[in-house]
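Notes for the structure review
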Amino acid sequence: MAEMMGDWRRLWGISAYRLLIAAAIAILVRLPASETIIDLGGHAELLHILTLVAALVSLVYLLGLLLRWPTQPRRHAWIQVSTDTLLVLLLLHFGGGVSGPFSILPFLLLVSTASLLRGKSAFVFVWILLALLVGESLFGGMTAVHPPLGQLFIYLLALVAVAVLADSLVASLERGNRLALQRDAEVVNLNALNQEIVQHMDVGVFVLDRQSRVVLSNPVARMLSGYRKWTSRPIAIGVVQPRLAMMLRQAAANDSEMVITTSGRDPTLQDSALTLLVRRIALPDSSYRLLLLRDASALRAREREAQLAALGRLAANIAHEIRNPLSVIRHAGNLLAERMDDPASQHLLDILERETVRINAIVESVLEMARPSPAHSEPISLRSWLPMLTAQLQADPLLAPMSIVIGEISPQLTVYADPAQLRRVFWNLLHNSAQYGVAEDATMRVEIDAVPEDEGSIMVTLRDFGPGVKAEVMERIFEPFFTTNPRGTGLGLSMVRELLRINDGRITCENHPQGGVLFRIFLPRRGWAERRDG
């Protein structure tokens with residue numbers, strides 16, 4: 001297709017030049033003083049008519065090209081060359097031959113022939129033209145006196161040299177055009193590949209022009225910026241995200257990295273604010289700039305997860321090494337208590353027993369966090385299971401004074417989970433409420449309810465009536481080893497999240513509008529195999 005378009009453009013160009021030359025010759029021979037400029041011989045009137053006919057033929061042919069009839073460019077090329085040869089021979093015949101004013105026209109004809117026909121076809125036509133010129137010069141009626149053979153030989157030799165040079169030049173131009181088209185196709189493919197890579201990057205990318213307009217973006221950048229009214233046209237970065245525009249004005253270096261917080265006050269932006277890590281990169285020898293956007297909170301979360309994973313492995317190794325000597329210490333304390341009659345010593349042994357039990361519980365928790373057991377899910381009817389569970393858990397002295405109110409739960413609300421692991425979840429949550437959810441009047445009250453979330457899950461809510469949680473604590477509340485209690489381990493809520501994850505569930509935490517903390521637990525309605533088959 002591209003080659004055919006090139007052929008049509010070449011036909012157009014040569015036809016336009018032919019019309020220009022024919023019109024110039026027609027005007028030249030029609031001038032009142034034309035005989036003083038060129039020697040028209042005894043055929044002046046015939047040449048006047050012939051030049052007008054040549055100009056008219058060139059114009060008609062140009063209109064034929066406009067209509068693209070015939071439809072094949074190759075036929076147009078042969079028609080052009082044949083018509084030009086006929087007109088040139090006629091002009092030479094009546095204009096003085098190779099010694100006349102039109103002797104330059106065969107050279108132009110050879111150049112156009114090499115451009116239109118190219119290769120062997122062009123040279124076949126060249127030899128035909130040379131034969132016609134020789135015959136016309138020697139036996140025709142161009143002039144009363146035929147040109148000397150030496151002059152004719154040099155003229156023909158010049159024609160052959162021009163034909164060879166024209167063919168070489170056209171071949172070189174075609175190779176250059178093919179190479180340029182190939183390079184253009186490679187650039188287009190490379191641009192398409194780059195666009196595809198940019199669109200699928202997990203880093204936000206903005207490409208800005210000199211006017212600080214976004215000319216290219218990927219989905220991650222559009223999501224992080226919060227702007228909603230995207231179109232295919234370039235848009236100013238100040239409209240997309242004012243904080244980014246302010247950063248570009250304030251940043252001194254071309255390659256710089258800054259942290260900004262997007263604002264939700266603009267009605268075109270998302271309501272939630274994000275902390276973005278933005279890197280500006282100036283492209284060498286280009287008017288474009290790159291902005292790379294990352295969610296700083298997500299980066300911190302990934303770094304924190306990596307740190308916690310390493311810390312968890314270390315803690316598991318330490319816990320494994322501690323558990324054996326701890327068992328020995330506890331057993332030795334029990335043996336020593338059997339031999340002690342002194343009440344003061346017995347009190348110290350009780351402290352030893354209590355603290356070794358506490359340390360052992362911490363070790364067991366760390367080991368369970370490092371190597372959680374797989375879930376053995378089974379259907380659990382929340383209406384009957386929750387009251388029974390809370391009654392068992394309140395045998396714990398810490399939970400005994402707690403008032404646990406269970407809402408009206410539908411009999412159809414059945415979840416699939418491991419009962420033992422789900423029991424650990426509620427035990428940790430109730431212990432957390434007993435430590436941090438005490439009301440101002442020193443009462444401990446917890447409300448538990450369950451409602452359908454969607455077709456595949458059920459939401460269980462657990463709310464206490466304590467003072468709530470500070471924002472900086474809420475952000476890290478499920479992190480392992482994070483606690484505000486000097487005697488706490490920071491493993492309770494992180495274990496809750498891990499146990500729910502094993503059971504295909506999840507948990508969220510927020511402050512209740514009327515006070516206290518609200519935990520939302522999402523559990524599946526069906527087992528994994530049923531969800532897979534469904």
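Please read these numbers as outputs of a predicted model, since none were measured by experiment.

Here the focus is the overall build of the chain. Of regular secondary structure, the chain possesses 17 helices and 13 strands. Each of the 534 residues in the chain was classed as buried or not, and the buried ones make up 38%. For the chain, the proportion of contacts with a sequence separation of at least 24, taken over those separated by at least 6, is 63%. Entry remark: accessible area of the chain is about 30500 Å², with carbon and sulfur atoms responsible for 61%.

A few words on helix 5 (residues 105-116). Between its terminal C-alpha atoms helix 5 stretches 16 Å, which fits the 16 Å expected from 12 residues at 1.5 Å a residue. Among the 12 residues in helix 5, 10 count as buried, and that is most of the element. Within helix 5 the residues assigned to the buried category are Leu105, Pro106, Phe107, Leu109, Leu110, Ser112, Thr113, Ala114, Ser115 and Leu116.

This next bit is on the side chain of Asp418. In this structure, Asp418 sits in the loop between strand 9 (414-417) and helix 14 (419-436). Despite its burial, Asp418 pairs with no opposite charge; the closest candidate is Arg424, at 10 Å N-O.

As a further point, take the packing of helix 14 against helix 16 (residues 492-502). Remark: helix 14 packs on helix 16, axes separated minimally by 9 Å, with the N-to-C direction vectors making an angle of 155°. Viewed along their axes, helix 14 and helix 16 adopt a mutual orientation that is roughly antiparallel. The way helix 14 lies across helix 16 gives a crossing that is left-handed. Every residue of helix 16 that contacts helix 14 at Gln421, Leu422, Arg424, Val425, Asn428, Leu429 and Asn432 is listed here: Gly492, Leu493, Met495, Val496, Leu499, Leu500 and Ile502. For the contact of helix 14 with helix 16, the per-class residue count stands at 9 nonpolar, 4 polar and 1 charged.

A few words now on the sheet that holds strand 11 (residues 457-464). Strand order across the open sheet formed by 5 strands is 8-10-11-13-12, with mixed pairing between neighbours. Looking at the sheet topology across the chains shown, the edges are occupied by strand 8 (403-406) and strand 12 (506-511). With strand direction ignored, the average angle separating the axes of adjacent strands in the sheet is 20°. Where strand 11 meets strand 13 (residues 517-524), 7 bridges bridge the pair, whose relative direction is antiparallel. Each bridged residue has a counterpart across the sheet, and for Ser457 the counterpart in strand 13 is Pro524. Helix 13 (residues 382-393) rests against strand 8, strand 10 (445-452) and strand 11 of the sheet, and its axis sits at about 175° to strand 8.

The next subject is the pairing of strand 12. The side chains of a regular strand alternate, first on one face of the sheet and then on the other. For strand 12 and strand 13, the ladder comprises 6 bridges, and the chain directions are antiparallel. Its bridge partner being in strand 13, Ile507 is matched across the sheet by Ile521. Between the end of strand 12 and the start of strand 13, which pair antiparallel, lie 5 residues, with Gly515 showing a positive phi angle near 110°.

Side chains that are nonpolar tend, in soluble globular proteins, to be buried together. The biggest cluster of nonpolar side chains holds 43 residues, and the ones touching the most others in it are Leu422, Phe426, Leu429, Phe519 and Ile521. The leading source of residues in this core is helix 14, at 6 residues. Leaving out residues up to four positions away in the same chain, Leu429 has contacts with Leu462, Leu493, Val496, Ile507, Phe519 and Ile521. Residues Leu50, Val98, Leu110 and Leu152 belong to the second largest nonpolar core, which totals 22 residues.

The α-helix advances 3.6 residues per turn, and as a result positions three or four apart in sequence lie on the same side. Between its first and last C-alpha atoms helix 14 spans 26 Å; for 18 residues at 1.5 Å apiece the expected length is 26 Å, and the two agree. Where helix 14 is concerned, the buried positions are Gln421, Leu422, Val425, Phe426, Asn428, Leu429, Leu430, His431, Asn432, Ser433 and Ala434.

In this structure the tally under the stated criterion is 3 aromatic pairs. Measuring from centroid to centroid gives 5.4 Å for Tyr227 and Trp230, while their planes differ by 90°, and the two rings are edge-to-face. In this structure Tyr227 comes out as buried when scored by relative accessible area, which is 10%. For the ring pair Trp385 and Phe426, a centre distance of 6.1 Å and an interplane angle of 65° mean the geometry is edge-to-face. With Trp385 in helix 13 and Phe426 in helix 14, the pair connects residues that are 41 residues apart, well separated along the chain. An aromatic cluster of three or more residues is present, and its members are Phe206, Tyr227 and Trp230. Against the face of Phe522 rests Arg506, its NZ or CZ located 3.9 Å from the ring centre.

Cut-offs used in this document
Residues numbered from 1 in each chain as written. Predicted model: local features only at pLDDT ≥ 70, side-chain atom pairs only at ≥ 80, totals over all residues. Heavy atoms only, no water. Helix = DSSP H or I, 4+ residues; strand = E, 2+ residues; numbered from the N terminus. Buried < 20%, exposed > 50% of the residue type's maximum accessible area, 1.4 Å probe, protein only. Contact = heavy atoms within 4.5 Å. Areas by Shrake-Rupley, 256 points an atom, 1.4 Å probe, with all protein chains shown as cover. Expected span 1.5 Å × (residues − 1). Lys, Arg positive; Asp, Glu negative; His and termini not counted. Salt bridge = Lys/Arg side-chain N within 4 Å of Asp/Glu carboxyl O. Axes fitted to C-alpha atoms, helices over the stretch in contact; angles between N-to-C directions. Parallel < 35°, antiparallel > 145°, perpendicular 65-115°, else oblique. Left-handed = near helix turned anticlockwise from the far one by under 90°. Nonpolar A, V, L, I, M, F, W, Y, C, P; charged D, E, K, R; others polar. Pairing = 2+ DSSP bridges. Core = buried A, V, L, I, M, F, W, Y, C linked by side-chain atoms within 4.5 Å. Phe/Tyr/Trp six-rings, centres within 6.5 Å; stacked < 30°, edge-to-face > 60°. Lys NZ or Arg CZ within 6 Å of the ring centre and 35° of its normal.

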